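Now for the letters of each chain:
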Amino acid sequence: MKKRTFILRAISVFTIFLLFSLFIACSKASNHKDNIVGAWKGKVQFKTGAFSEIKNWEFMWVFNSGGTMTESSNYDGVPPTPPAYGIWKKTGEKQYEARYEFYLTHIPAAYEDVVKDGGFSPVGYGVLYEKIILSADGKSYSSSIKLDLFDQAGKQTAFKDEATAEAKRMEFESK
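Residues numbered from 1 in each chain as written. Predicted model: local features only at pLDDT ≥ 70, side-chain atom pairs only at ≥ 80, totals over all residues. Heavy atoms only, no water.

Student: Give me the overall build of the protein chain: which residues, what numbers.
Tutor: Helix and strand content of the protein chain: 2 helices and 8 strands. When the helices and strands of the protein chain are listed from N to C terminus, the series reads α-β-β-β-β-β-α-β-β-β. When burial is assessed residue by residue, the protein chain has 30% of its 175 residues classed as buried. Within the protein chain, counting contacts between residues at least 6 apart in sequence, those at least 24 apart form 48% of the total. A total accessible area of about 11,800 Å² is found for the protein chain, and carbon and sulfur atoms account for 62% of it. (Helix = DSSP H or I, 4+ residues; strand = E, 2+ residues; numbered from the N terminus. Buried < 20%, exposed > 50% of the residue type's maximum accessible area, 1.4 Å probe, protein only. Contact = heavy atoms within 4.5 Å. Areas by Shrake-Rupley, 256 points an atom, 1.4 Å probe, with all protein chains shown as cover.)

Structure follows, in structure tokens:
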């Protein structure tokens, strides 16, 4: 009886050790090779539409687990606009789609108008559709973007302006 109890305990300890080892290995193996979750920084270039004149546009994206995301750019202050918020989904191996929206604000003619009007008033919104292809190592991606713009009443004013983007995953530098 003691021998059987010893064997059952040894098997239990071995099973717990094996499960713990698998848990550790799986958590370390999730090195982003096929996962867009995280923070990214990159360059965007519109080929068509009103934004095609901007040559130094940079975006930062944060893709959250669960399918939500946030985007901000180095032009969010011209005129002041809040970040874009949206959703993303996986569509294939190393392939994703994102849809995110941002608000547009009015550029006043003079600073006095900002004070008089109480800030930068809303004039519409934009919707970005992004198709993303993750690199083999999961540390960069390339994408195509389409943009629709709408006025304050919801009437579409720009149709599928096209852009491309290249982004790199933000990581801590090893020291």
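Student: Lay out the sheet that holds strand 8 (residues 156–169) with the relevant residues and their values.
Tutor: With respect to topology, 8 strands assemble into a closed barrel ordered 1-2-3-4-5-6-7-8, the strand pairing being antiparallel. Between one strand and the next, the sheet's axes are offset by a mean angle of 30°, whatever the strand orientation. Note that strand 6 (residues 122–134) and strand 7 (residues 140–151) share 11 bridges and pair antiparallel. Across the sheet, Ile133 pairs through a bridge with Ser142, a residue of strand 7. (Pairing = 2+ DSSP bridges. Axes fitted to C-alpha atoms, helices over the stretch in contact; angles between N-to-C directions.)

Student: I'd love a proper account of the side chain of Ser143, names of residues and values included.
Tutor: Position of Ser143 among the secondary structure elements: in strand 7. Separated by 2.6 Å, the side chains of Ser143 and Glu130 make a polar contact. Apart from residues lying up to four places away in sequence, Ser143 is in contact with Glu130, Lys131, Ile132, Ala163, Thr164 and Ala165. (Polar contact = N/O pair within 3.5 Å; in protein donor to acceptor, adjacent residues only side chain to side chain.)

Student: Which residues make up the confidence of the model for the protein chain, and what values do they have?
Tutor: Mean pLDDT for the protein chain: 83, with 78% of residues reaching 70 or above. The weakest mean pLDDT in the protein chain belongs to helix 1 (residues 2–29) at 44; the strongest belongs to strand 1 (residues 38–46) at 98. Taken together, the stretch residues 10–30 has pLDDT below 50 and engages in 0 contacts with residues farther than four places along the chain or on a different chain. (pLDDT = per-residue confidence, 0-100.)

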